[in-house]
Amino acid sequence: MKPFSPVSRARALAPVLALGLMTSSCLAANWTAGFEEGKPAIKSISQITFGPDAILFVADSKSASIFAIATEDAKAGAPGKMIQVAGINAKAAALLGTTADQVLIDDLAVNPISHTAYLAVSRGRGPDAVPTLIRVKQDSQLEWVNLDRVKFSRVDLPDAPTDTPPAEGRRGANPRVETITDIAFLEDRLLVAGLSNEEFSSTLRSVPFPFKKVARGASVEIYHGAHGRFETRAPIRTFVPFMVGNEPQLLAAYTCTPLVQLPLKDLLPGSKVKGKTIAELGNRNRPIDMIVYQKGGKDYLLLANSSRGVMKVSTDKIEAAENIAEPVKDGSTRGLAYETVKGWTGVDQLDRLDQDTALVLRHSEGSVQNLESLPLP
Amino acid sequence: MGVEVRGLSGRISDELARRGDGGWMEWAKTLSVRLVSSNGGTNDWLPMAGSYRAIPGGLRFDARFGLSPGLTYEAVFHPSRLPEARGDEPPLVSRHTPLIRRASSTTRLTQVYPTAAVLPENLLKFYLQFSAPMSRGRIYQHIHLRRANGGEVELPFLEINEELWDPSMTRLTLFIDPGRIKRGVRPLEEIGPALEEGKIYTLTIDSQWRDANDAPLESAFRKRFRVGPPDRDTPDMSLWRVDAPRAGTRGKLKVSFNDPLDHALAQRMIFVRDREGARLEGAIELSDHERRWTFIPRKPWRAGEHTLVAATTIEDLAGNNIDKPFDVDVFDSVQRRIGANEATRRFEVR
């Protein structure tokens, strides 16, 4: 969904850059070392994001697993090419032999090397739906991605510590599902945010990559201490890794739209972490997706929302931002300054195509979805 | 689904076999299968994804995905694009329409949990239970919360694109937007709570919602309820009433909660251990509007001490769990957390 690109990292992670590059080059040959070859048993695709060396991470909520797939789509793409596909949902459907109403595009991720867009597409809308990948190359042509024989690696996420087997009399499988709401790759780990369909809990896991077994309970509970005296458990909708000063942080948007900053070093297994609310982004609104980018030497965050359009947040004051501890009474916004980007309406998915361009999946009236390249604001 | 072209010369199919994996688009120039759109055309559509191979005296395409009933597919073979083709032979065209399954409305919404007619003002979630698998994608348009005067409550639910279904897609979890129930949260101050004490609401599910077979629901569903005071107390096991069965029987262990509990969690997070600490197998039932939990063991009860166990993450209707209330007042009682993973209550079987 949002690769932590070499470009932004070079600046954003300046203090650790030398170390980072050395580590990367030492490990470069090893990213796929433990991969097996064959057909990954993917049951659903909730989220996708790119890691190093054109490795695509696929989050499968149904089987509570993450797959790392070597796409081998590692030839550098030409800069400045704009992907434009009108009616992408109908075109993807035709490729899969069905109509637009029978497919759902669940996520979008751009390969930062080739600038090819990958779409997580569900063929069908019921429990027997077939998850699949379609890619859109720089010439805007669609191609189905065959995963029958690929190099891949898989890690299973442990159930919540309190989970117990279904009792007798409850037929079938355990109805509890932890839906993966976002994933992001950072340096040598994959961060995975999840939301349960039973207890109201939100987890954030840090999964080392190359994958090892994830320890049971290797999750953290996130609180945000906003809104005066009450701290609450809150589900993270979307997040990006980001440097604040010298420290890697997560900027996370919660389902009720405050923007929260969490230090990554606090995210230890089993810990309870309290984030700092750095902006309130308004009501009647849900965050959908976010990316970070640079323009004119400054860092920005772009946040797509359900009803308040796309917000551009200047992040150069994050370091100094104070926790918003008091409810905002006058209807104005508090915290980091942001502007609403005009014309970016109906955004369903968002990623960065290259350093100057965003790629958005957005809907117009009716059910038509378009894939459009837009200059970063 | 496969399409075969036969009657080609052995030399041509050898040549095709040599083409190998020249890419699906290359093969598709010779033989392709496309969906026919409702206006009868296929020009706009990409050929279907699948695999090609040469067979003795011919060429075969296997579609990757099945054909959808009721849609028309067109296979086109261009002899003029074969290796060593002579002249402009016209393409061969064949159409196929798989029989439509009659999509009759038989799926129902069978129950909404919590089942009680009075619900706390800070209710956290509903579960919608359907009789058969449903379809996902833009479901929230079919779910409405209306006030007694018919006016619709604006955005009362947490709309999550992924949609919180169970694996069989017969149960949907519907969280009330926490921003509309928490104390002191900004949206609450601006647009008010989703539910207000003393008022009557109706949760309505439209019949247009499609099941997994693309058929609408048998009928719309309405749950009318009154809103009571907020529940800010944590579930307290010491207040539960436990009626122990008699030893040697498979009698019911009856547990009455002080507070109705979450329907899903009460079935998953409460169980019984024997004196040796082994978990007993048996059947669980919830009744009395999620206030009563009963357990029938598979084997007869043995005399002696047993332990009723509940995960501390078990929630009541407002999301308060044994560990802590949904809203923790940080200046007040935050240190009251228990910290253990489970709460227990001993009882004696005689």
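Since this is a predicted model, take the numbers as computed values, not measurements.

Reading guide: rules and limits
- Residues numbered from 1 in each chain as written.
- Chains lettered and ligands numbered in written order.
- Predicted model: local features only at pLDDT ≥ 70, side-chain atom pairs only at ≥ 80, totals over all residues.
- Heavy atoms only, no water.
- Pairing = 2+ DSSP bridges.
- Helix = DSSP H or I, 4+ residues; strand = E, 2+ residues; numbered from the N terminus.
- Axes fitted to C-alpha atoms, helices over the stretch in contact; angles between N-to-C directions.
- Phe/Tyr/Trp six-rings, centres within 6.5 Å; stacked < 30°, edge-to-face > 60°.
- Buried < 20%, exposed > 50% of the residue type's maximum accessible area, 1.4 Å probe, protein only.
- Salt bridge = Lys/Arg side-chain N within 4 Å of Asp/Glu carboxyl O.
- Arc of directions from axis to C-beta.
- Polar contact = N/O pair within 3.5 Å; in protein donor to acceptor, adjacent residues only side chain to side chain.
- Contact = heavy atoms within 4.5 Å.
- pLDDT = per-residue confidence, 0-100.

**Digging into the sheet that holds strand S5 (residues 72-77) of chain B**
Residues and elements named next belong to chain B. The strand order across the open sheet formed by three strands is S2-S5-S6, and the pairing between neighbours is antiparallel. The open sheet is flanked by strand S2 (31-36) and strand S6 (92-96), the only strands paired with a single partner. Between one strand axis and the next, the sheet turns by 20° as a mean value, whatever way the strands run. In terms of strand pairing, S2 meets S5 through six bridges, oriented antiparallel. Residue pairing for S5: Arg-34 is matched across the bridge by Glu-74.

**Brief notes about the packing of aromatic side chains**
Residue and element names in this part refer to chain B. Going through the model one piece at a time under the given rule, you end up with 25 aromatic pairs over all chains. Between Phe-130 and Trp-165, the ring centres sit 6.1 Å apart and the planes meet at 40°, which makes this aromatic pair tilted. Note that Phe-130 is positioned in strand S9 (residues 125-130) and Trp-165 in strand S11 (residues 164-165), a separation of 35 residues in sequence. For Phe-130, a relative accessible area of 3% translates into the label buried. Between Trp-165 and Trp-209, the aromatic rings sit 6.0 Å apart at their centres with planes inclined by 65°, giving edge-to-face as the arrangement. Here the residue Trp-165 occupies a position in strand S11, and Trp-209 occupies one in the loop between strand S13 (200-205) and strand S14 (221-228), the gap between them amounting to 44 residues.

**Quick look at the pattern of salt bridges**
As enumerated under the stated definition, the model contains 31 salt bridges over all chains in all. Here Arg362(A) makes a salt bridge to Glu372(A), at a shortest N to O gap of 3.0 Å. Here Arg362(A) is found in strand S25 (residues 357-363), whereas its partner Glu372(A) is found in strand S26 (residues 369-375), with ten residues between them in sequence. Note on Glu372(A): relative accessible area 17%, which makes it buried. Residues Glu305(B) and Arg346(B) are paired through a salt bridge, measuring 3.4 Å at the closest nitrogen-oxygen approach. In this pair, Glu305(B) sits in strand S20 (residues 304-311) while Arg346(B) sits in strand S22 (residues 342-349), placing the two residues 41 residues apart along the sequence. In this structure Glu305(B) comes out as partly exposed when scored by relative accessible area, which is 34%. What emerges from the salt-bridge pattern is a single network uniting Arg176(A), Glu178(A), Glu198(A), Glu199(A), Arg205(A), Arg171(B) and Arg268(B).

**Brief notes about the pairing of strand S22 (residues 310-314) of chain A**
Residues and elements named next belong to chain A. Within S22, four of the five residues are buried, which leaves the element mostly enclosed by the surrounding structure. As paired elements, strand S21 (residues 298-305) and S22 share five bridges and run antiparallel to each other. Its bridge partner being in S22, Tyr-300 is matched across the sheet by Ser-314. Between S21 and S22, which pair antiparallel in sequence order, lie four residues; one of them, Gly-309, sits at a positive phi of approximately 70°.

**Remarks on helix H1 (residues 10-19) of chain B**
Residues and elements named next belong to chain B. Turning to H1, its buried residues number three or more, namely Ile-12, Ser-13 and Leu-16. Buried residues of H1, seen end-on, are gathered within an arc of 95° and therefore sit on one face of the element. Those residues of H1 that are exposed and angled more than 90 degrees off the buried face are Arg-11 and Arg-18.

**A word on the environment of Phe157(B)**
In this structure, Phe157(B) sits in the loop between strand S10 (143-147) and S11. Along the chain, Phe157(B) and Pro178(B) lie 21 residues apart, while their C-alpha atoms are 8.4 Å from each other.

**Things to note about the side chain of Ser44(A)**
Residue and element names in this part refer to chain A. Looking at the element boundaries, Ser-44 is found in the loop between strand S1 (36-38) and strand S2 (47-50). Engagement of the side chain of Ser-44 in a polar contact is seen with the side chain of Asp-60, the distance being 2.6 Å. Here Lys-62 takes part through its backbone nitrogen, which lies 3.1 Å from a polar atom of the side chain of Ser-44. Ignoring sequence-local partners within four residues, the contact set of Ser-44 consists of Ala-59, Asp-60, Ser-61, Lys-62 and Pro-131.

**Here's the deal with the confidence of the model for chain A**
Residue and element names in this part refer to chain A. Scored by pLDDT, chain A comes out at a mean of 79, with 76% of its residues at no less than 70. The lowest-confidence element of chain A is helix H1 (residues 6-12), averaging 34 in pLDDT; the highest-confidence one is strand S7 (residues 117-123), averaging 98. A low-confidence stretch, residues 2-27 (pLDDT under 50), is modelled with 38 contacts involving residues beyond four sequence positions or located in other chains. A low-confidence stretch, residues 160-172 (pLDDT under 50), is modelled with 34 contacts involving residues beyond four sequence positions or located in other chains.

**Overview of the environment of Leu267(A)**
All names here are of chain A. Relative to the helices and strands, Leu-267 resides in the loop between strand S18 (258-263) and strand S19 (272-280). The exposure class of Leu-267 is buried, given its relative accessible area of 11%. When the C-alpha positions of Leu-267 and Ser-206 are compared, they lie 7.6 Å apart, and in sequence the two are 61 residues distant.

**So, unusual backbone geometry**
Cis geometry marks the peptide bond from Phe209(A) to Pro210(A); its omega dihedral reads 0°. For Pro210(A), the location among the structural elements is in the loop between strand S13 (202-208) and strand S14 (220-224). For the bond running from Tyr113(B) to Pro114(B), omega is 0°, close enough to zero to count as cis. By the element assignment, Pro114(B) lies in the loop between strand S7 (109-113) and strand S8 (118-120). Although it is not a glycine, Ala54(A) sits at a positive phi angle of roughly 60°. By secondary structure assignment, the location of Ala54(A) is in the loop between S2 and strand S3 (55-60). Even without a glycine there, the phi angle at His115(A) is positive, about 60°. Relative to the elements of secondary structure, His115(A) occurs in the loop between strand S6 (103-110) and S7.

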